[in-house]
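# A structural walkthrough
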Amino acid sequence: MTSGVLLALAGVCYGQARDFFFNSGGVRIHYTVEGEGEPVVLIHGWGVDLEWCWGEPGTIKSLAEHYQVIAIDNRGHGRSDKPHDPQQYGMNMVTDVIRLLDHLSIRTAHIVGYSMGGTIVSVLLTEHPRRVRTATMGGFGWEEGDAPLKRRLATAEFLEQGRGIGPAVLALTPPSEQGPVAEQLEAINKWFLDRNDPLALAAIARGNAAPQASEKKLRANNLPALAVVGKLDPLRPSVDKLASMMGTLKVVVVPGENHLFAVRSPAFLEALQTFLAAHADK
């Protein structure tokens, strides 16, 4: 039994999430463990952290009643190291999850990701299917063309110039809504910059948070998969595209929610709990 598992079990004994770190190719990665049972790994999105995405909404606490919940701060985020080299990201973010499973001596797990985390899950599903029990991809699916690259590079330039994340905000504003006025955009930028290293976020954007999963391998997938997306999310068409490619994919649309907040909705947690329960070991 590894030291990581022993520490995780110590956290279970106290009935609360415990903080741990491990070395992933020279990068210090922070993660938490709570609960016991089948392992569920939670992977947050770009520009936030495990606490905002999974802790504050109560997702970790709720899932920990039935599962061992492992939440990771992706490199460049939260309490993990934040390299400024774009080459430190990309597939390295996928590898971090595999290394975390190895560190904890976990053979397979339910893998859940949102936004950038959803892209990481899709690559794990196609490149490491033997490590995945089920895959949940929230707020993102499969995009064609060069729009994702243009969005990332424009945001990286803004961050490097100290101008915030304006291009990302505008890209994720629902078509039915007017974009934020100057004062609102300033407040959004301040919130993101206060809790992040802007040069790390720019490096992530330039390094491609996770390369897009192979269409051929997604079509061949036979593992249970779930996509949860806000009805107002501009990236919802990417989920529709993914659904057309994956026969095993179940799609749940969260009414009234946009890209940023669908993951914190009770409807997201309900859909996830229902899906996990349907595919748990009996």
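Attention here is on the structure that accompanies the text.

Cut-offs and rules
- Starting afresh in each chain, residues are numbered from 1 along the sequence in its written order.
- The predicted nature of this model means local features are confined to residues of pLDDT at least 70 and side-chain atom pairs, given and counted, to a pLDDT of 80 or more, with totals for whole chains, interfaces and linings taken over all residues.
- Just so you know, side-chain values use all the structure's heavy atoms and leave hydrogens and water out.
- Where helices and strands are cited, they refer to DSSP runs of H or I of at least four residues and of E of at least two residues respectively, numbered from the N terminus.
- Two residues qualify as a contact provided that any one of their heavy atoms is within 4.5 Å of a heavy atom in the partner residue.
- The Shrake-Rupley method, run with a 1.4 Å probe sphere, supplies the accessible areas, and residue values consider only the shown protein chains as cover.
- Here the positive residues are Lys and Arg and the negative ones are Asp and Glu; neither His nor the chain ends is included.
- Just so you know, the charge point we use is NZ for Lys, CZ for Arg, CG for Asp and CD for Glu.
- Geometry of aromatic contacts follows a simple scheme: Phe, Tyr and Trp rings, the Trp one being its six-membered ring, pair when their centres are within 6.5 Å, and the pair is stacked under 30 degrees between planes, edge-to-face over 60, tilted otherwise.
- For every residue, the accessible area (1.4 Å probe, protein chains only) is compared with the maximum for its type, and the residue is labelled buried under 20%, exposed over 50%, or partly exposed between those bounds.
- Note on geometry: a ring has a charge over it if NZ (lysine) or CZ (arginine) is within 6 Å of the ring centre and within 35 degrees of the ring normal.
- Salt-bridge detection follows one rule: a side-chain nitrogen of Lys or Arg within 4 Å of a carboxyl oxygen of Asp or Glu.
- Take the number of residues in a helix, subtract one, and multiply by 1.5 Å to get its expected span.
- Between N-to-C directions, angles span 0 to 180 degrees; the directions come from axes that are lines fitted to C-alpha atoms, helices contributing only their stretch in contact.
- Should an angle lie under 35 degrees it is considered roughly parallel, over 145 roughly antiparallel, and from 65 to 115 roughly perpendicular; all remaining angles are considered oblique.
- A clockwise turn of the near helix away from the far one marks a right-handed crossing, whereas an anticlockwise turn of less than a right angle marks a left-handed crossing.

Moving on to the overall build of the protein chain. If you tally the helices and strands in the protein chain, you get 12 helices and eight strands. With respect to the three principal axes, the spread of C-alpha positions in the protein chain is 50 × 40 × 35 Å. Counting only contacts in the protein chain whose residues sit at least 6 apart along the sequence, the fraction spanning at least 24 positions is 74%. For the protein chain, the accessible area works out to roughly 12,300 Å², and carbon and sulfur atoms hold 52% of it. In the protein chain, 27 side chains carry a positive charge and 30 a negative one; their mean positions are 5 Å apart.

Below, the discussion takes up the packing of aromatic side chains. The way to describe two aromatic rings as a pair is by their centre distance and the angle between their planes. Summed over all chains, the structure comprises seven aromatic pairs. Taking the centre distance of 5.5 Å and the plane angle of 35° together, the rings of phenylalanine 20 and tyrosine 31 count as tilted. Of the two residues, phenylalanine 20 sits in strand β1 (residues 18-24) while tyrosine 31 sits in strand β2 (residues 27-34), which places them 11 residues apart along the sequence. In this structure phenylalanine 20 comes out as buried when scored by relative accessible area, which is 8%. Through successive ring pairs, a cluster of aromatic residues spans Trp52, Trp191, Phe192 and Phe261. Above the plane of the ring of phenylalanine 21 lies arginine 28, whose end atom (NZ or CZ) is 3.7 Å from the centre. Positioned over the ring face of phenylalanine 158 is arginine 163, at 3.8 Å from the centre of the ring.

What follows covers the pattern of salt bridges. A full pass over the atoms with the stated rule returns 15 salt bridges. Note that arginine 133 and glutamate 38 form a salt bridge whose closest N and O atoms lie 3.0 Å from each other. Within this pair, whereas arginine 133 is found in strand β6 (residues 132-138), its partner glutamate 38 is found in the loop between β2 and β3 (39-43), the two being separated by 95 residues in sequence. A salt bridge links glutamate 143 to arginine 151; the nearest nitrogen and oxygen atoms lie 2.9 Å apart. Three or more residues are tied together by salt bridges with common partners; here these are Glu38, Arg133 and Asp281.

Now for unusual backbone geometry. Backbone geometry at serine 105 places phi at a positive 55°, although glycine is not the residue there. Phi at serine 115 takes a positive value of approximately 55°, unusual for a residue other than glycine. Within the secondary structure, serine 115 sits in the loop between β5 (109-114) and α5 (116-127). According to the relative accessible area criterion, serine 115 is buried, its value standing at 16%.

In this model α5 runs 17 Å from its N-terminal to its C-terminal C-alpha over 12 residues, within 8% of the 16 Å that 1.5 Å per residue would give. Counting buried residues along α5, 11 of its 12 residues qualify, which places the element largely inside the surrounding structure. Met116, Gly117, Gly118, Thr119, Ile120, Val121, Ser122, Val123, Leu124, Leu125 and Thr126 are the residues of α5 that are buried. At its buried positions, α5 is contacted by β3, α4 (91-103), β5, β6, α9 (198-207) and α10 (215-220).

This next bit is on the packing of helix α6 (residues 147-160) against α9. Running from N to C, α6 and α9 cross one another at 160°; their axes reach a closest spacing of 8 Å. Taken as axis vectors, α6 and α9 run roughly antiparallel relative to one another. Viewed along their axes, α6 and α9 form a crossing whose handedness is left-handed. On α9, the residues touching Arg152, Leu153, Ala156, Glu157, Leu159 and Glu160 of α6 are Pro198, Leu199, Leu201, Ala202, Ala205 and Arg206.

Structural measurements only, silent on function.
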